[in-house]
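Take a look at the letters that make up each chain.
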Amino acid sequence: MRTPVDAPVERRGERAAPEDATSPKRTGNAGKKARGTGRLTAVLLALASAALGLLVWAVLANSGINDFPGPVVVARRAGELIADGTLFADAGASLKRVLIGYVLGVVLAVPVGFLMGWYPVVRRLIDPWLQFFRMVPPLAIIPLAIVLMGIDETPKIFVIFLASFLSSVVSTYQGVVAVDVTLVNAARVLGARDPQVFLGVVIPASTPFILVGMRIGLGASWATVVAAELIAAQDGLGHRMQQAQVFLDLPTIFVQLIAIGAIGLAMDRLLLLAERRLTHWQERR
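Along each chain, residue indices are assigned from 1 in the same order as the chain's sequence is written. Totals for whole chains, interfaces and linings use all residues, but because this is a predicted model, local features are given only for residues with pLDDT of at least 70 and pairs of side-chain atoms are given and counted only at 80 or more. Where side-chain values are given, they derive from all heavy atoms of the structure, hydrogens and water being excluded.

J.: What should I look at first to understand the overall build of the protein chain in this one?
T.: In this text, helices come from DSSP runs of H or I with a minimum length of four residues, and strands from runs of E with a minimum of two, each type numbered from the N-terminal end. For the protein chain, the count of helices and strands is 10 helices and 0 strands. Residues classed as buried in the protein chain amount to 35% of the 285 residues present. For this analysis, residues touch if any pair of their heavy atoms sits within 4.5 Å. Long-range pairs, those at least 24 residues apart, make up 72% of the contacts in the protein chain between residues at least 6 apart in sequence. Reported accessibility uses the Shrake-Rupley method at a 1.4 Å probe radius. Residues are deemed covered only where the shown protein chains occlude them. For the protein chain, the accessible area works out to roughly 18,300 Å², and carbon and sulfur atoms hold 67% of it. Burial classes: relative accessible area under 20% of the type maximum marks a residue as buried, over 50% as exposed, and values in between as partly exposed (1.4 Å probe, protein chains only).

J.: Can you help me understand the pattern of salt bridges in this one?
T.: Pairing is possible between side chains of opposite charge, provided their charged atoms come close. What counts as a salt bridge is simple: a side-chain nitrogen of Lys or Arg found within 4 Å of a carboxyl oxygen of Asp or Glu. Counted by the stated rule, this structure contains 9 salt bridges. Arg97 is the salt-bridge partner of Glu229, the closest N and O atoms lying 2.6 Å from each other. Residue Glu229 is found in helix α8 (residues 194-231), and its partner Arg97 is found in helix α3 (residues 86-118); the two are separated by 132 residues along the sequence. For the residue pair Glu229 and Arg97, the accessibility class agrees, reading buried in each case. A network of salt bridges, in which partner residues are shared, links Arg97, Glu153, Glu229 and Asp235.

J.: Sorry, what's going on with helix α4 (residues 120-134) here?
T.: For an α-helix, 3.6 residues make a turn, and residues three or four places apart therefore share a direction. Under the convention used throughout, the expected extent of a helix is 1.5 Å for every residue step, that is, one less than its residue count. Along its 15 residues, α4 runs 20 Å from first to last C-alpha, staying within 8% of the 21 Å computed at 1.5 Å per residue. A residue's bend is the angle separating two fitted axes: one through the seven residues that end there, the other through the seven that start there. A maximum bend of about 40 degrees is found in α4 at Ile126, where proline Pro128 lies one to four positions downstream.

J.: In this structure, what is going on with the confidence of the model for the protein chain? I would like to understand it.
T.: Parts of the model with low pLDDT should not have their predicted coordinates read in detail. pLDDT is defined as a per-residue confidence score from the predictor, taking values between 0 and 100. Mean pLDDT over the protein chain stands at 82; residues scoring 70 or higher make up 85%. Under a pLDDT of 50 for its full length, residues 1-13 has, in the predicted model, 1 contact with residues more than four places off or in other chains.

J.: Is there a simple way to explain the environment of Phe198 in this structure?
T.: Residue placement: Phe198 occurs in helix α8. With sequence-adjacent residues up to four places away left out, Phe198 is seen in contact with Phe114, Trp118 and Ile203.

J.: Can you walk me through the packing of aromatic side chains in this structure?
T.: What describes a pair of aromatic rings is the distance from one ring centre to the other and the angle between the planes of the rings. Two rings from Phe, Tyr or Trp (for Trp, the six-membered ring) form a pair when their centres sit within 6.5 Å of each other. Planes less than 30 degrees apart are called stacked, planes more than 60 degrees apart edge-to-face, and all others tilted. Here the structure, examined in full by the defined rule, presents 8 aromatic pairs. With a centroid separation of 5.7 Å and 15 degrees between ring planes, the pair formed by Trp57 and Phe254 is classed as stacked. Of this pair, Trp57 sits in helix α1 (residues 24-61) while Phe254 is found in helix α10 (residues 250-278), placing the two residues 197 residues apart along the sequence. Taking relative accessible area as the criterion, Trp57 reaches 15% and is therefore assigned buried. Measuring from ring centre to ring centre gives 6.5 Å for Phe158 and Phe161, while their planes differ by 35 degrees; the resulting arrangement is tilted. Taken as a pair, Phe158 and Phe161 lie in helix α6 (residues 153-177) at a separation of 3 residues, close to a single helical turn. Since its relative accessible area comes to 29%, Phe158 is described here as partly exposed. Note on Phe161: relative accessible area 18%, which makes it buried.

J.: Where do I start with the nonpolar core in this structure?
T.: Generally speaking, soluble globular proteins have nonpolar side chains that are buried together. Core analysis: the biggest nonpolar cluster contains 38 residues, and Val202 and Trp222 have the highest contact counts within it. Top element by residues in this core is α8. It accounts for 11 residues. Non-local contacts of Trp222, meaning those with residues more than four positions away in its chain, are made with Ser94, Leu95, Val98, Leu237, Ile260, Ile263, Gly264 and Met267. Think of a nonpolar core as a cluster: buried Ala, Val, Leu, Ile, Met, Phe, Trp, Tyr and Cys residues, connected wherever their side-chain atoms sit within 4.5 Å.

J.: Got a minute to help me understand the packing of α6 against α8 in this structure?
T.: Helix packing for two helices is described by the angle between their axes and how far apart those axes are. Helix axes are fitted only over the stretch in contact, all axes being lines through C-alpha atoms; the angle between N-to-C directions runs from 0 to 180 degrees. The geometry of α6 relative to α8 is characterised by a closest axis approach of 7 Å and an angle of 155 degrees between their N-to-C directions. Taken together, the axes of α6 and α8 lie roughly antiparallel to each other. Crossing handedness for the pair α6 and α8: right-handed. When grouped by side-chain class, the residues that make up the contact of α6 with α8 number 12 nonpolar, 12 polar and 1 charged. By definition in this entry, angles of less than 35 degrees are roughly parallel, angles greater than 145 are roughly antiparallel, angles of 65 to 115 are roughly perpendicular, and the rest are oblique. For any pair of crossing helices, the crossing counts as left-handed if the nearer helix is rotated counterclockwise from the farther one by less than a right angle, and right-handed if it is rotated clockwise. Residues are grouped as follows: Ala, Val, Leu, Ile, Met, Phe, Trp, Tyr, Cys and Pro are nonpolar; Asp, Glu, Lys and Arg are charged; all remaining types, including Gly, are polar.

J.: Before we go on, may I ask you to explain a nonpolar patch on the surface in this structure?
T.: Among the surface-exposed residues, Leu52, Leu55, Val56, Val59, Leu60 and Ile65 lie close enough to one another that they form a single nonpolar patch of about 530 Å² accessible area. Structurally, Leu55 can be placed in helix α1. Judged by relative accessible area, which is 53%, Leu55 ranks as exposed. Candidate patch residues must exceed 30% relative accessible area and have no salt bridge, after which like charges are joined if within 9 Å and Val, Leu, Ile, Met, Phe, Trp or Tyr side chains if within 5 Å.

J.: Is there a simple way to think about the packing of helix α5 (residues 138-149) against α6 in this case?
T.: Interaxial distance between α5 and α6 falls to 9 Å at its minimum, and their mutual angle equals 145 degrees. Crossing of α5 over α6 shows right-handed handedness. On α6, the residues that touch Pro138, Ile141, Ile142, Ala145, Ile146 and Met149 of α5 are Thr154, Pro155, Phe158, Val159, Leu162 and Ala163.

J.: Looking at this model, I keep getting lost on α6. Mind explaining?
T.: Between the first and last C-alpha of α6 there are 36 Å, a value that for 25 residues agrees with the 36 Å anticipated at 1.5 Å per step. The element α6 is extensively covered by neighbouring structure, given that 20 of its 25 residues are classed as buried. Residue Asp152 occupies the N-cap position of α6, its side-chain oxygen lying 3.3 Å from the main-chain nitrogen of Thr154. Two N or O atoms count as a polar contact when they lie within 3.5 Å, although within protein this holds only if one can serve as hydrogen donor and the other as acceptor, and sequence-adjacent residues are included solely when both atoms are side-chain atoms.

Now the structure itself:
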């Protein structure tokens, strides 16, 4: 059987040439090792940051500040609230309000932002009102919403929706406007029509802006729900903080604050993970 001309022939006694350092196999192994090292470093830094925060907290508690609770006291109070189910009930009530208002705001904000960025006429009609309501804090609308909508769930969800919508619609609109005109023109030169340009160029290019707006809207939603529950609510983390304030129960207030931060951080990490998956093509530092 004849050996192909291009096939490498290994003579007896000769060793195979070593793999080049830039070969795909070696490069892939190095990339995996670098990613593993980066994840380990991130975990260690997060643990160090948490330990440093607890240390600063303990120092402040022992510095003589009046009735300032330390980590041990707050942890003991958290255990009591978890044992009787109060913490989970309040967290569930607040989380339900945030999710409903936040999802409604994002679902409406994304198409409105696309319309504003793609059609100048729509932009000129909506943008003045959008900027007007952006200057009015959602917290200032809470009293009006309670008077008009009552003290049930509707006004709370409405102000959360408003906070989420305003943050997300601006980011979506800016993402569409910021799309590189060269990419749009290149797609049109290749024969793409407006729907194809919109689906193939505008949406992928504006996705990072949309996700950033969603993260900002999430923080605004949590801030708004706490304020709404402080004013008028029968349950929720903000309501529990308001009750604890009346009785000067600082450990309970700290537990609610930590719960709000922990839940919000977990939701933000999920959005960040989605951002990395959806925009893996984007260069990052």
